[in-house]
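Results of the structural survey
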Amino acid sequence: MLVAVIYLIFISLGLPDSLLGSGWFLTILGLVGFSLSGSYWILFIFAVPYGLGAGSIDASVNHYVANHYKTAQVAS
């Protein structure tokens, strides 16, 4: 059951979700910045917190799976 939830988290990295946590708060900041930016170069500025948020979520889920599951559980 938990592995299925982890897979859903990986899939939802590209979607605008509003879960709590510092990675999600950074991702939301980047998404709000994308929607409110008036010029092209401001998109590059807001890409930094968006990328950091998505990367931190990905790293934390990878760390959890590596510490709590064996390869056979995740691969099947």
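This is a predicted model, so every value here is computed, not measured.

How each quantity is defined
Here the residue index of a chain counts from 1 through its sequence in written order. Only residues with pLDDT of at least 70 get local features here, since the model is predicted, and only at 80 or more are side-chain atom pairs given and counted; chain-wide, interface and lining totals rely on the full set of residues. Working from all heavy atoms in the structure, the side-chain values ignore hydrogens and water. Numbering of helices and strands runs from the N terminus; a helix is a DSSP stretch of H or I covering at least four residues, while a strand is a stretch of E covering at least two. Three labels apply to residues, based on accessible area from a 1.4 Å probe with only protein chains included: buried if under 20% of the type maximum, exposed if over 50%, partly exposed otherwise in between. The contact criterion used throughout is that any non-hydrogen atoms of two residues lie within 4.5 Å. Where accessible areas are quoted, they stem from the Shrake-Rupley method and a 1.4 Å probe; at the residue level, only the protein chains shown are allowed to cover. Between 30 and 60 degrees the pair is tilted, below 30 it is stacked and above 60 it is edge-to-face, where a pair is any two Phe, Tyr or Trp rings, Trp via its six-membered ring, whose centres lie within 6.5 Å. Helix span, as expected, comes to 1.5 Å for every residue beyond the first. To get the bend at any residue, fit one axis to the seven residues that end at it and another to the seven that begin at it, then take the angle between the two axes.

In terms of helices and strands, the protein carries four helices and zero strands. Along the chain direction, N to C, the helices and strands of the protein fall in the order α-α-α-α. The buried share among the 76 residues of the protein stands at 20%. When contacts within the protein are restricted to residue pairs at least 6 apart in sequence, long-range pairs at least 24 apart make up 57% of them. Of the roughly 5300 Å² of accessible surface on the protein, 73% is carried by carbon and sulfur atoms.

The next thing to look at is the packing of aromatic side chains. For the structure shown, the criterion picks out two aromatic pairs. Geometrically, the ring pair formed by Phe34 and Tyr50 is tilted, given 5.5 Å between the ring centres and 55° between the ring planes. With Phe34 in helix α2 (residues 22-36) and Tyr50 in helix α3 (residues 40-68), this residue pair connects regions lying 16 residues apart in the sequence. Among the residues examined, Tyr50 registers a relative accessible area of 22% and is labelled partly exposed. Consider the rings of Tyr40 and Phe44, whose centres lie 5.2 Å apart with planes at 90°: the pair is edge-to-face. A residue pair is termed a helical-turn pair when its members lie 3 or 4 positions apart in one helix, as Tyr40 and Phe44 do in helix α3 at four residues. Each member of the pair, Tyr40 together with Phe44, is exposed.

So, about α3. Over its 29 residues, α3 runs 43 Å from end to end, which matches the ideal 42 Å to within 8%, given 1.5 Å per residue. At Phe46, α3 shows its maximal kink, close to 30°; a proline, Pro49, follows between one and four residues later. Listing the buried residues of α3 in full gives Pro49, Gly53, Ala54, Ile57, Val61 and Val65.

Relative to the helices and strands, Thr27 resides in helix α2. For Thr27, a relative accessible area of 1% translates into the label buried. Beyond its immediate stretch of four places on either side in the chain, Thr27 contacts Pro49, Tyr50, Gly53, Ala54 and Ile57.

By themselves, these are just geometric observations and shouldn't be taken as functional.
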